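# Understanding the architecture of this molecule
Okay, here's what each chain looks like letter by letter:
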Amino acid sequence: LPDMMRFFSEILGVEYPFPVYSQAFVQDLPAGMDNMMFSSISENMVDDKPTHADFLYLWDALEAQMLASQWFGAYVTPAGYEHAWLNESFARYYDELYAEHKNGYDEFQLWYRNFDLNTYLWDWNNNVRRPVVTKNYDNAETMIRDNYSFVRGALVLHMLRKHLGEDKWKKAINFYLKTNKNKLVTTDDLQKAVEESAGEPMDWFFGQWVYK
């Protein structure tokens, strides 16, 4: 956890924005729940060393996602359910960057990229389809729990990073966080930050990969 805290603070250019951070391990909780300065995590994470080694990616991923949500969720908060990907996808994306940092590029490709692509393609091929951002939904739970606000959104962020290049990408995310700290944000706020940092219009990218 301290290593994750250092990594996120450095790569985002924004120190952990709150005075404390706490975790509680909860019985029968299937995964985790993030709140401001606090995360509830499945007690299954507390296990013996051999078991933990077998599930290292799972538990690192869960802990990293909960921590990343302190920046993307608590520090900047989605203004509505249709923008939930600004929490869920960013938490997944930065969890993946931490995994690449800790375990190497090959392991990232094997465990994370492979899972994300297969999950998204399974949904698509089974006609589970929607834009990442849409106002057309029947159940708010869908917008914060399904694979589009989570793994597909993370894939979109990987593409955006590749298009912009490392320097512009880091500048864009730093600008997005600092400009919108302690505010409710929409996807338009992210797009404006990207355009400001990249020096180019991004309607084509967000139109194709986020709204369509």
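A brief look at the structure comes next. The structure displayed is predicted, hence computed values, not measured ones. (Residues numbered from 1 in each chain as written. Predicted model: local features only at pLDDT ≥ 70, side-chain atom pairs only at ≥ 80, totals over all residues. Heavy atoms only, no water.)

### Regarding the nonpolar core
F8, W71, F72, Y94 and L177 are the most contacted members of the largest nonpolar core, which has 51 residues in total. Every element with two or more residues in this core is listed here: helix 1 (2-12), helix 3 (56-68), helix 4 (85-103), helix 7 (148-164), helix 8 (166-179), helix 9 (187-198) and helix 10 (203-209). For this core, the element with the highest residue contribution is helix 4, accounting for eight residues. The contacts of W71, once residues within four sequence positions are left out, are M5, F8, S9, L12, V14, E15, Y16, P17, V76 and L177. (Core = buried A, V, L, I, M, F, W, Y, C linked by side-chain atoms within 4.5 Å. Buried < 20%, exposed > 50% of the residue type's maximum accessible area, 1.4 Å probe, protein only. Helix = DSSP H or I, 4+ residues; strand = E, 2+ residues; numbered from the N terminus. Contact = heavy atoms within 4.5 Å.)

### A few points about helix 4
Relative to the 27 Å expected for 19 residues at 1.5 Å per residue, helix 4 spans 26 Å between its end C-alpha atoms, a close match to the ideal helical length. A positive phi of about 100° marks G104, the residue just after helix 4. (Expected span 1.5 Å × (residues − 1).)

### Thoughts on the packing of helix 7 against helix 8
As a packed pair, helix 7 and helix 8 sit with axes 6 Å apart at the nearest point and diverge in direction by 125°. When the axes of helix 7 and helix 8 are compared, the pair comes out oblique. Where helix 7 crosses over helix 8, the handedness of that crossing is right-handed. Along the contact surface, helix 7 presents L157, L160, R161 and L164, while helix 8 presents E166, K168 and W169. Looking at the contact of helix 7 with helix 8 residue by residue, the classes come out as four nonpolar, no polar and three charged. (Axes fitted to C-alpha atoms, helices over the stretch in contact; angles between N-to-C directions. Parallel < 35°, antiparallel > 145°, perpendicular 65-115°, else oblique. Left-handed = near helix turned anticlockwise from the far one by under 90°. Nonpolar A, V, L, I, M, F, W, Y, C, P; charged D, E, K, R; others polar.)

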